[in-house]
Amino acid sequence: SLPEDWQAYSGAAFDRLWEGLRSDASLTIDISHLSLRGQAQQDALIETIFTDGLEIKPLLPRLAELVSRRRVKCPKNTTELFRKLDEYTPVAGAPQDERHKKNRYDALRLDIHRTFDA
């Protein structure tokens, strides 16, 4: 139950709530969740997606546009991850077979583009 003088605190509570909604500080990314091993441990990888023949636009230009539009600083790790995905850079935990690796990376790239589109 609320104390009888709750209204005296309601303005401060509203201000604190609004400040929290305006701040993106709580929207941080745990980099381990972005690794292929982390994706597999969370059952977030869809092995049956086939991207052969799909033309998927690079991620870095979209990231640069978003960062510019929002006037925020982009974490170096995000830029590095997107570059590796765009260039199909081999990393630990990635499939060794080139076609399988391309399909895996492209599936991740499609998910990121869907996130940008949302």
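Calculation notes
Residues numbered from 1 in each chain as written. Predicted model: local features only at pLDDT ≥ 70, side-chain atom pairs only at ≥ 80, totals over all residues. Heavy atoms only, no water. Axes fitted to C-alpha atoms, helices over the stretch in contact; angles between N-to-C directions. Helix = DSSP H or I, 4+ residues; strand = E, 2+ residues; numbered from the N terminus. Parallel < 35°, antiparallel > 145°, perpendicular 65-115°, else oblique. Contact = heavy atoms within 4.5 Å. Nonpolar A, V, L, I, M, F, W, Y, C, P; charged D, E, K, R; others polar. Left-handed = near helix turned anticlockwise from the far one by under 90°.

Peer 1: Which residues make up the packing of helix H3 (residues 59-70) against helix H4 (residues 76-87), and what are the values?
Peer 2: Helix packing for two helices is described by the angle between their axes and how far apart those axes are. Put simply, H3 and H4 touch, their axes get as near as 8 Å, and they point 155° apart. The orientation of H3 relative to H4 falls into the category roughly antiparallel. Side by side, H3 and H4 meet where Leu 59, Leu 60 and Leu 63 of the first sit next to Thr 78, Thr 79, Phe 82, Arg 83, Leu 85 and Asp 86 of the second. The residue inventory of the contact of H3 with H4, partitioned by class, reads five nonpolar, two polar and two charged.

Peer 1: So what's going on with the packing of H3 against helix H5 (residues 98-117)? Residues and values would help.
Peer 2: Where H3 contacts H5, the axes come no closer than 11 Å and their chain directions differ by 25°. Comparing their axes, H5 and H3 come out roughly parallel. By crossing handedness, the relation of H3 to H5 is classed as left-handed. Here H3 contributes Leu 59, Arg 62, Leu 63 and Leu 66 to the contact with H5, which in turn contributes Arg 109, Ile 112, His 113, Phe 116 and Asp 117. In terms of residue class, the contact of H3 with H5 is built from five nonpolar, one polar and three charged.

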